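Take a look at the letters that make up each chain.
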Amino acid sequence: MVTSPTWAVRPKTRGVVLDLIRAARVISRVELAAATGLTAPTISEVVRELIADGLVLEAGRGASTGGKPPVLVQLNPAARYSVGVQLERNTCVIVVVDLAGQPLARTSFRGAASMPPDQALPLVAAQVNTLLAAAGVDREKVLGVGLVSYGPQARDAGVLLTPQPTEAWLGYPVAQRLAERLGLPVLLDNDATAAAVGEYWLGTVDPRGTYGCIYMATGIGGGVVVAGEVYRGSSSNSVEIGHISIDVNGDECTCGNVGCLENYAGPSAVVRQALATPGLAQQLALDPAAQDFLTEFARIAAAANAGDPDARGLIERSARYLGCAAVTMTSLFDLDMIVLAGPSFAVAGSIYQARIQDEVDRRTFARQAHPVRVVPSVSGSDAAAIGGAVLVFRSELTHASPLLVAPADTPSGAEDQPPVDTT
Ligand SMILES: [Zn+2]
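Reading the values: the criteria
- Residues numbered from 1 in each chain as written.
- Predicted model: local features only at pLDDT ≥ 70, side-chain atom pairs only at ≥ 80, totals over all residues.
- Heavy atoms only, no water.
- Helix = DSSP H or I, 4+ residues; strand = E, 2+ residues; numbered from the N terminus.
- Rg over C-alpha atoms; globule rule 2.2 N^0.38 Å.
- Buried < 20%, exposed > 50% of the residue type's maximum accessible area, 1.4 Å probe, protein only.
- Core = buried A, V, L, I, M, F, W, Y, C linked by side-chain atoms within 4.5 Å.
- Contact = heavy atoms within 4.5 Å.
- Expected span 1.5 Å × (residues − 1).
- Polar contact = N/O pair within 3.5 Å; in protein donor to acceptor, adjacent residues only side chain to side chain.
- Phe/Tyr/Trp six-rings, centres within 6.5 Å; stacked < 30°, edge-to-face > 60°.
- Salt bridge = Lys/Arg side-chain N within 4 Å of Asp/Glu carboxyl O.
- Donors = N, O, S within 2.8 Å, 3.2 Å for Na, K, Ca; no water.
- Tetrahedral: all angles 85-135°; square planar, octahedral: opposite > 155°, others 65-115°.
- Pairing = 2+ DSSP bridges.
- Axes fitted to C-alpha atoms, helices over the stretch in contact; angles between N-to-C directions.

With respect to the overall build of the chain
- Helix and strand counts for the chain stand at 13 helices and 15 strands.
- A compact globule built from 423 residues should have a C-alpha radius of gyration of about 22 Å, and the chain, at 22 Å, falls within 12% of that.
- A principal-axis box enclosing the C-alpha atoms of the chain has dimensions of 75 × 60 × 40 Å.
- Among the 423 residues that make up the chain, the fraction classed as buried is 52%.

Below you can see the structure in the form of structure tokens.
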């Protein structure tokens, strides 16, 4: 690990300035002083420390405003790296990203979360090690691993609080065990929250804005970011829009609620509806016994794109339900923007985007006060994994959320065997 000497400036102040430099891409010391309210000598000291630490580089001179042209500074993307791991019921996606949040290497493999954690985590660790080697990054510069997954979670403890997909995951210390395997710090967070934060770090949203993210993979989750800060609630199990009731008389959900959105609009629901539509299962060659329903869902989404009326009807129905959730989210948080992220928007994203935008335009409470834009994530299917990596930077460098679990022992990854079925 890269360890910094003891600096004169408080870490939080350094974090604020670093985050401003990241967001601005290039900025002068004068502009930093104006944006933070800090004095010119303090800004000079912070920037000096950030340059000494390698995190920031000088980037030529800006335009003169009368005197000497100001020296500009920018983030050094190669200064640090992090790893994002998205653990889903069907797929595990791993990315290595640079400090600017740009992915340098990516892999995915199937089946990890359907195993007990004692079997799955060695496979994940082996893939992380292989990917770091393939990316050619100096391991000393890797700050840690952001492991993101569904909830509920005891985030501070790095523990999942759900028996999904198997009982063995409930209460298992995933962050600690993965940290021990890799010899790198690991944090656990929610996948939808990670996707939302990733958009912010990549600079695609207004840093002062209030935006939401709807994340759809096998399940449906949500995240809200207010002026760069994640809305966490009491325990970081917030904005769970997949588990708001849309039918008080609906079926019981695995979460304990009834009539949850996910069971009407999520990929498994759409596949179930397709199997019940006469002729559609045969026409699209859907497998009623398929374990990996995301593949079946992608077939339905592709048929909807191609104009099949039955498939289109099912996707439109799912999008309408999501539009209803988007209206609820917007009216609760007064959002400027909603980002659609995750693999289940990959195929029929434009149908979802148009329908959700329409619902928000027509029904959101504050629609006469300001518009709400519905946009696809810049990171697409990998938004949660990239966001997981970004959460590590935020934790370590901007101190927004210091939750990395350090490895207690020496790494024990040497005996790990690479898994099969790598895609
Ligand atoms: Zn539920």
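Let's talk about the nonpolar core
- Core analysis: the largest hydrophobic core is formed by 53 residues, its most contacted members being Ile21, Leu32, Leu50, Leu55, Leu99 and Tyr211.
- Considering every element that reaches this core, the biggest residue donor is helix α13 (residues 383–398), with 10 residues.
- Not counting chain neighbours up to four residues away, the residues in contact with Ile21 comprise Ile27, Leu32, Leu50, Val56, Val73, Gln74 and Leu75.
- If you look at the next biggest cluster of nonpolar residues, it comprises 40 residues, including Leu284, Val327, Leu340 and Val372.

A word on helix α11 (residues 309–333)
- With 25 residues, α11 extends 35 Å from end C-alpha to end C-alpha; this agrees with the ideal 36 Å at 1.5 Å per step.
- Taken as a whole, α11 has its buried residues at Ala311, Leu314, Ile315, Ser318, Ala319, Leu322, Gly323, Ala325, Ala326, Val327, Met329 and Thr330.
- Its side-chain oxygen at 3.1 Å from the backbone nitrogen of Asp310, Asp308 defines the N-terminal cap of α11.
- Where α11 ends, the next residue or the one after it, Asp334, has phi of about 50°, a positive value.

Brief notes about the packing of aromatic side chains
- Applying the stated criterion across every chain yields a total of 4 aromatic pairs.
- Centre to centre, the rings of Trp201 and Phe393 are 5.8 Å apart; their planes meet at 25°, and the pair counts as stacked. Residue Trp201 is found in helix α6 (residues 191–201), and its partner Phe393 is found in helix α13; the two are separated by 192 residues along the sequence.
- When the centroid spacing of 5.2 Å and the interplanar angle of 85° are considered together, the rings of Phe345 and Tyr352 count as edge-to-face.
- Note on Phe345: relative accessible area 8%, which makes it buried.
- A relative accessible area of 0% means that Tyr352 is categorised as buried.

Points about the pattern of salt bridges
- With the rule as written, the count across this model stands at 20 salt bridges.
- When the shortest N-O distance is used, the salt bridge between Glu316 and Arg312 registers 3.1 Å. Remark: Arg312 and Glu316 occur in helix α11; sequence separation between them is 4 residues, near one turn of the helix.
- A single network of salt bridges, built from pairs that share partners, joins Arg312, Glu316, Arg355, Asp358, Glu359, Arg362 and Arg363.

Let's talk about the coordination of the zinc ion
- Looking at the zinc ion, the protein donor atoms are His243 (ND1), Cys253 (SG), Cys255 (SG) and Cys260 (SG), and they sit 2.0 to 2.4 Å from it.
- Note that the zinc ion binds 4 donor atoms; their angles at the metal cover 106 to 118°, and the shape is tetrahedral.
- Residue class for His243 comes out partly exposed when judged on its relative accessible area of 21%.

Structural notes on the environment of Phe393
- Relative accessible area serves as the criterion here: at 0%, Phe393 is assigned to the buried category.
- In the structure, Phe393 is positioned 40 residues away from Gln353 in sequence and 30 Å away in space, judged by C-alpha atoms.

Observations concerning the sheet that holds strand β13 (residues 229–230)
- Read from one edge to the other, the open sheet built from 5 strands follows the order β13-β12-β11-β14-β15, with strand pairing classed as mixed. The open sheet is flanked by β13 and β15 (373–376), the only strands paired with a single partner.
- Alignment of strand β11 (residues 210–216) against strand β14 (residues 337–341), held across 5 bridges, turns out to be parallel. Directly across from Tyr211, in β14, lies its bridge partner Met337.
- Contacts from α6 reach β11, β12 (220–226), β13 and β14, with the element oriented near 130° to β11.

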